[in-house]
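Fold and geometry: a report
Chain residues, written in single-letter form:
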Amino acid sequence: MKGRGDRLAASLAERELDLMLVTELVNIRYLTGFTGTNGACICGPDTRLFLTDFRYTERAAAEVEGWEAITVSDDWLGGIAAHLSGRVGFEDDHVSVRLLERLRGKLAEGVEAVAAGGSVEKLRRVKDEAELTASELADEVWTWSVERGLAGRPEREVARAAEARIRELGGDPSFPAIVAAGPNGALPHAEPGGHTIGSGELVVFDMGAKLDGYCSDGTRTFAVGEPGEHAREVYETVRAAQAAALAAAAAGVGAEALDAVAREVIGAAGHGERFGHGLGHGVGLEVHEAPRVSPRSEDVLSAGEVVTIEPGVYLPGELGVRIEDLVVVAEGGCRNLSGLPKELQVVA
C-alpha cells in the first residue's frame, strides 16, 4: 500500500498541490488497506497520515501499513484540519458543499482547499496482478449453475443460488446477479423474478464475484433447449461484435473508437438501435469505475487497466443477448480474464 501513497504524492505537483486529503472510503482502502467506515488520508511528498476515530484504532493498527495512524478523539473535521497546510486538494466529486464549508471554517489562515477529484481514481485504473483473481471464481459458479440445470427454475432461485455459491467459495457477490429469461432478457438490468425459465428461451446471466475487495463482472447468455434460428442469428451478431472489440482492445486505443468497433458490427446486422448502453467500463474495488468505454467517452486505454467488453442486443418483448468478458489492457492487445466459452451453449 505504501507504493500507492508514493504514486499519489508524486502526482500532486501536476496540480500544484502541497497535500491531498482523501475522504472517499474506497480510495482510502486502495491507499492504505483500511476497511472500516470512517477514515481520512493526508498525503504529501513527506506526509503519510491516516486518521480515524476510537472505534477503529485497533483495526487501523492491523490493516494500515506505511501510514502514520492517528486517532481523532473529539472534533473530527478539526482533527483533520490541524494537519493541513498550504494548497490542499480535496475530493470534490465526493465531498458535499456543506461538509466542505464546515472544513474550510476550521482551516488555519493561509490554508487553501482546492478541488482535485479523480486523483486516486486515476491511479486505481491500472491494476496490480493481485487484483485480478475474482473472475476465476465467477467462472466456477457459472459452470456450477449450468450443471444444476436452468430449465423449470425461477430466475430468482437461480440468481440466489449463484450468490450463495460465491459465498461458499470464499467470496461475495460484487453486485446482485441478473438472471433474465426470454423477453426479460431484453431488459439490460433486469431484476430476477418469479418467471420460470422455459424451453427454447435465451437466458442472460450477469454475475460478478468480489475477493479481497476487488470485483469481477461478466455475462453469458445460455439457451435452454433449442432457441430457434432467429435467436441464434442475434446471438452470433453479438458474439461477432464482441470478438471484433476484443481484437481491437489495446493500450493507446480510444474508448470511443473501441465502442464503435462493436457498434458497427451490430449496426450492420440491423440492430444498432437495440444496443443502447456503452461497450464497457473499468472494474476494480468498485464494479463500475474508470475508464468508461462508450460513444461519448474521452478516455484512452492504458496498459494495466481492467475493463469489460460487453456488447448486447435487446429486442423488447422477445429476447436479449449480452456477452461480457473482463480483460486486462496490454500493449498490442489484451488479456482475457474470462474463461468460459463464447459459442452458444444449449443447456438443460
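We now turn to the structure provided with this report.

**Things to note about the overall build of the chain**
Looking only at helices and strands, one finds 10 helices and 20 strands in the chain. In terms of principal-axis extent, the alpha carbons of the chain reach across some 70 × 40 × 35 Å. For the chain, with 348 residues in total, the buried portion stands at 53%. Pairs at least 24 residues apart make up 66% of the contacts formed inside the chain by residues separated by at least 6 positions. Once the 34 positive and 56 negative side-chain charges of the chain are each reduced to a mean point, those two points are 2 Å apart.

**Quick notes on the packing of aromatic side chains**
Counted according to the given criterion, the structure contains 4 aromatic pairs. An angle of 80 degrees between the planes, with centres 6.4 Å apart, marks the rings of Trp 142 and Phe 205 as edge-to-face. Here Trp 142, found in helix H7 (residues 134-148), pairs with Phe 205, found in strand S9 (residues 201-207); they are 63 residues apart in sequence, far enough to count as distant. The buried category is assigned to Trp 142, whose relative accessible area is 4%. Given the relative accessible area of 0%, Phe 205 is considered buried. A cation over an aromatic ring shows up here: Arg 4 above the ring of Tyr 30, its NZ or CZ 4.2 Å from the ring centre. Of note, Arg 263 hangs over the ring of Phe 275, and the distance from its end group to the ring centre comes to 4.0 Å.

Conventions adopted
Residues numbered from 1 in each chain as written. Predicted model: local features only at pLDDT ≥ 70, side-chain atom pairs only at ≥ 80, totals over all residues. Heavy atoms only, no water. Helix = DSSP H or I, 4+ residues; strand = E, 2+ residues; numbered from the N terminus. Buried < 20%, exposed > 50% of the residue type's maximum accessible area, 1.4 Å probe, protein only. Contact = heavy atoms within 4.5 Å. Lys, Arg positive; Asp, Glu negative; His and termini not counted. Charge placed at Lys NZ, Arg CZ, Asp CG, Glu CD. Phe/Tyr/Trp six-rings, centres within 6.5 Å; stacked < 30°, edge-to-face > 60°. Lys NZ or Arg CZ within 6 Å of the ring centre and 35° of its normal.

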